[in-house]
Structures are given as C-alpha cells and as structure tokens.
Amino acid sequence: MAESSAGKVKRSSSVRGRFNRALLLFYIISVLVSIPATYFLTKQQVLSQADRELTLLVDMIRAARNVVREETRPYFMPKGEFFGPTISSTVMANTIAGKFLREQPDYYIKIASDNPLNLKNLPEPLETQLLSRFRADGELKRIVETGTVKGKLYLVSAAPAKVKKGCMRCHGDPAEAPSEITEPYGTTSGYHYTMGDVVGATVVGVPLADVNSLVVQRSIAVIITLSLLFALVLVLVNLLVRRSIINPLSAITAHAYAVSHGDFDAVFDKENLRDDEIGELAISFELMRRSMLLAAKRLKGG
Ligand code: HEC
C-alpha cells in the first residue's frame, strides 16, 4: 500500500510489469520454438524406428531367398521334383510374405511386376513408378523412401528383380514352362522374359505412424508443461520482486517524499529492509536526512 500512497509522481511503467512482460515474451518464444522442435524430433524418431524394422524385414526376406538358393533348390532340382517355393526364391519370398502378412497386416511385402504370372502381383501406382526408375537406371540396387500404397503411408524399401538364366525355366516360353506353372497361372502373362531385364520389384513397407497426430499430442503435452512451469516462475518472480524490490523501494520513496516536504523528523520504517543494495540505499538516505536535520538545527541555532 506504501506503493500507492507514495506514488505521488505518476509512473508510466513498473518493475514488476517489465519482469512480467519479459517472462511472457520468453514463454511465447519457448512455445513457438517447442512446436517445430517437437515436430522435427518426432519425425526423426518415427523414421529411425521404421528404418530399423525395414532393415529387419528386408534381411528376413533375403534370408528366405537364400534358403532356396543354398538349401532347397540344390537338393530338389537334381531329383526333378518341381515345387515352386523350393525351386524359385521369388516364389518362396512371396509365399513367406503371404503368411507373414496374415500375422502382421500392417506391413507391406510384394513382388510386383507389370508382366506377372499371378495377377495379384500387378503393380500399384507407387510400384509402377519404382519399376520405371529401376529400368531407367540399371545400376540402382535399392530405393528407400516414404510412399503411399492404397492410402497408407509406409517407409518403403524396393529392390529390382532382374532376369537371370534360371528364371527362364518358368518365365521363358510358356510352351516350354512346366505344367506346375502353366496350369495354375495360364499362359498369357508372366512369360517371355528377356535376360537382364528388370521384370519386377521386391517392395517391403513398414507402416509409418501418423507423425502429425503424434506431433499434436506431444505438442499439447509440452505446452501444458511449459505453461505450468512459467506460471510457477511468474508467481515466484512476482513474489520475489514485490518482497525484495518493490516493498522496500516504496518505503524509501514514502520516506523521501515526507522529508522532501519538510518533515525532517519522519521516522523511517525499517520493517521491509534487508541487508542488500536497497538496504544500503535506505541507510545512505537516512544518513543524509540526519545530516540535513543537523544542518537545519545549526542554521536555526545560529
Ligand atoms: C520354379 C519356377 C520359377 C522360377 C525359376 C522363377 N520364378 Fe518367378 N515366379 C514363379 C511363380 C510360380 C510366381 C507366382 C507366385 C505367386 O503366385 O505370387 C512367380 C512370380 C514372380 C514375380 C512376381 C510377379 C508374378 O509373376 O506374379 C516376379 C517378379 C518373378 N517371379 C521374377 C522371377 C525372376 C527374376 C526369376 C529368376 C531370378 C524367377 N522369377 C524365377 C515361378 C518361378
């Protein structure tokens, strides 16, 4: 209350106001910085997690293919036993993928081709685009990027399927293909491969969590935390400023005002004073008042 009684001189700003404005500005900047930071970190996190899963899945498919190349094909081929998954690594990969996706429908595995035996393997728009990129650049071994298939966002890894000599047994001239192929798949599509051509692409996709809704959730949590923190700091700073700056200054101001109006005997209220810079100011002022009092007495007496 000393503040208002002493406030004879009109002020256009206050210490507390300045502290509060600085805090508010700091709060707004923190919130504004936290949103893009949250977005960036969340995106990084989602991508790196998907990347780890993708590596696992791609390596698993590769391992399945190697089972055929190194184990089942050398064993069954010489015996003349013809069963797709044991002879062709592509068929094995496709078979395993089909069973895996029954357990994990969120993932995506496909061996796509625009000249397929199985029409289910016809490419989606993303795969058509991947195929033409592999065809345009024969050196390209793998493409990893985000992509949308049937409206779902994935981190996708794609590798080209190139025709080698061994493929011709099933994918060459349909007249020479084994009946195990021509009977179920017909003779119109999936044949007449040319050596070295890119006929398809193995596409593996890991679902990408919806970054935007994660960012909204996390940003709300961050903003609530920041707001609580700043509210606490605001209350503490105001309390501190009031107790250690404003109250003692107001007391000094009131006292100085009284003295300036000729009340040299005005008693100084030491209640709010502390042993700090403001306390020092008060003591200097009190010394000045006493000197002035002495000087005034001497003048009167003389
Ligand atoms: C033992 C026979 C056989 C051999 C050898 C073979 N494939 Fe296949 N391939 C198949 C069968 C059967 C399918 C269909 C699988 C399905 O139903 O999804 C297939 C599917 C594919 C597909 C998916 C598109 C489609 O046709 O349905 C691609 C691409 C493919 N094979 C490429 C190759 C390549 C490249 C090679 C040589 C490295 C090869 N295949 C060797 C039998 C074979």
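Residues numbered from 1 in each chain as written. Predicted model: local features only at pLDDT ≥ 70, side-chain atom pairs only at ≥ 80, totals over all residues. Heavy atoms only, no water.

Q: Looking at this structure, I do not really get the overall build of the protein. What am I missing?
A: Of regular secondary structure, the protein possesses nine helices and four strands. Against the 2.2 N^0.38 benchmark of 19 Å for 302 residues, the protein shows a C-alpha radius of gyration of 41 Å, more extended than a compact globule. Viewed in the frame of its principal axes, the protein has a C-alpha envelope of about 135 × 30 × 30 Å. When burial is assessed residue by residue, the protein has 33% of its 302 residues classed as buried. Contacts spanning at least 24 positions in sequence make up 64% of the contacts within the protein whose residues lie at least 6 apart. (Helix = DSSP H or I, 4+ residues; strand = E, 2+ residues; numbered from the N terminus. Rg over C-alpha atoms; globule rule 2.2 N^0.38 Å. Buried < 20%, exposed > 50% of the residue type's maximum accessible area, 1.4 Å probe, protein only. Contact = heavy atoms within 4.5 Å.)

Q: Would you mind going over the pairing of strand 1 (residues 108-113) with me for this structure?
A: For a regular strand, the rule is simple: side chains alternate between the two faces of the sheet. Across the six residues that make up strand 1, a large majority, six, are buried. Residue alternation in strand 1 divides its side chains into two sets, Y108, K110 and A112 and I109, I111 and S113, and both sets are buried. Sheet analysis places strand 1 next to strand 4 (residues 198-207), joined by six bridges and oriented antiparallel. Its bridge partner lying in strand 4, I111 is registered against T202. (Pairing = 2+ DSSP bridges.)

Q: Would you mind showing me how to read the sheet that holds strand 1 here?
A: Strands belonging to one sheet form pairs held by backbone hydrogen bonds; the direction of such a pair is parallel or antiparallel. With antiparallel pairing, the four strands of this open sheet are ordered in space as 1-4-3-2. Only two strands of the sheet have a single neighbouring strand rather than two, namely strand 1 and strand 2 (143-149). Here the strands of the sheet are splayed against their neighbours by 30° on average, with no regard to which way each runs. In this structure, strand 2 lies alongside strand 3 (residues 152-162), joined through seven bridges in antiparallel fashion. What sits directly across from E145, in strand 3, is V156. Against the sheet, helix 5 (residues 125-136) contacts strand 1, strand 2, strand 3 and strand 4, and its axis sits at roughly 130° relative to strand 4. (Axes fitted to C-alpha atoms, helices over the stretch in contact; angles between N-to-C directions.)

Q: Help me out: how do you make sense of unusual backbone geometry in this one?
A: Working note: non-glycine residues mostly have negative phi, and peptide bonds are mostly trans. For K150, which is not glycine, the phi torsion reads 50° and is therefore positive. Here K150 lies in the loop between strand 2 and strand 3. Among the residues examined, K150 registers a relative accessible area of 69% and is labelled exposed.

Q: What am I meant to see in the nonpolar core here?
A: It is characteristic of soluble globular proteins that their nonpolar side chains tend to be buried jointly. Among the nonpolar cores identified, the biggest contains 17 residues, and L54, L57, I109, V204 and V206 are the most heavily contacted of them. Counting residues per element, the ones that place at least two in this core are helix 2 (15-76), helix 4 (89-103), strand 1, strand 4 and helix 8 (211-260). Counting residues per element, this core draws most heavily on helix 2, which supplies six residues. Ignoring any residue separated from it by four or fewer positions in sequence, one finds L54 in contact with V144, L155, V156, S157, V204, G205 and V206. Listed in part, the 13 residues of the second largest apolar core include Y108, L126, F134 and A158. (Core = buried A, V, L, I, M, F, W, Y, C linked by side-chain atoms within 4.5 Å.)

Q: Hey, could you run me through the coordination of the iron atom of the ligand in this one?
A: Ideal geometry at a metal gives 109.5 degrees between four tetrahedral donors and either 90 or 180 degrees between six octahedral ones. Protein coordination of the iron atom of the ligand rests on one atom only, H171 (NE2), at 2.0 Å. In this structure, H171 sits in helix 6 (residues 168-171). (Donors = N, O, S within 2.8 Å, 3.2 Å for Na, K, Ca; no water.)

Q: Before we go on, may I ask you to explain the environment of A231 in this structure?
A: Tracing the backbone shows A231 in helix 8. Residue classification places A231 among the partly exposed positions, given a relative accessible area of 39%. A C-alpha to C-alpha distance of 9.7 Å links A231 and L24, two positions 207 residues apart in sequence.

Q: Sorry if this is basic, but what is going on with the confidence of the model for the protein here?
A: Detail in the predicted coordinates should be disregarded across regions flagged by low pLDDT. Overall, the predicted model of the protein reaches an average pLDDT of 89, with 96% of residues at or above 70. Of all helices and strands in the protein, the one with the weakest mean pLDDT is helix 1 (residues 2-6) (43), whereas helix 5 scores best (97). Low pLDDT, under 50, characterises residues 1-7; the stretch is placed with eight contacts to residues that sit more than four places away or in other chains. (pLDDT = per-residue confidence, 0-100.)

Q: Which parts of the structure should I look at to understand the site of the ligand?
A: Among the 21 residues in the neighbourhood of the ligand, the closest are listed as N121, C167, C170, H171 and Y185. One of the side-chain nitrogen or oxygen atoms of S88 is found 3.3 Å away from a nitrogen atom of the ligand. One of the side-chain nitrogen or oxygen atoms of N94 is found 2.8 Å away from an oxygen atom of the ligand. Looking at the shell around the ligand, the elements with two or more residues in it are helix 4, strand 1, helix 6 and helix 7 (179-185). Each residue belonging to the shell around the ligand can be placed in one class, and the counts come to 12 nonpolar, eight polar and one charged. (Near = heavy atom within 4 Å. Polar contact = N/O pair within 3.5 Å; in protein donor to acceptor, adjacent residues only side chain to side chain. Nonpolar A, V, L, I, M, F, W, Y, C, P; charged D, E, K, R; others polar.)

Q: Just checking my understanding: could you explain the packing of helix 8 against helix 9 (residues 277-301) for this structure?
A: In a pair of packed helices, the angle between the axes and the distance between the axes together describe the arrangement. Where helix 8 contacts helix 9, the axes come no closer than 10 Å and their chain directions differ by 10°. By the angle between their directions, the pair helix 8 and helix 9 is classed as roughly parallel. The residues of helix 9 that touch helix 8, namely those facing S244, I245, P248, L249, I252, H255, A256 and V259, are I278, L281, A282, F285, E286 and R289. When grouped by side-chain class, the residues that make up the contact of helix 8 with helix 9 number 10 nonpolar, two polar and two charged. (Parallel < 35°, antiparallel > 145°, perpendicular 65-115°, else oblique.)

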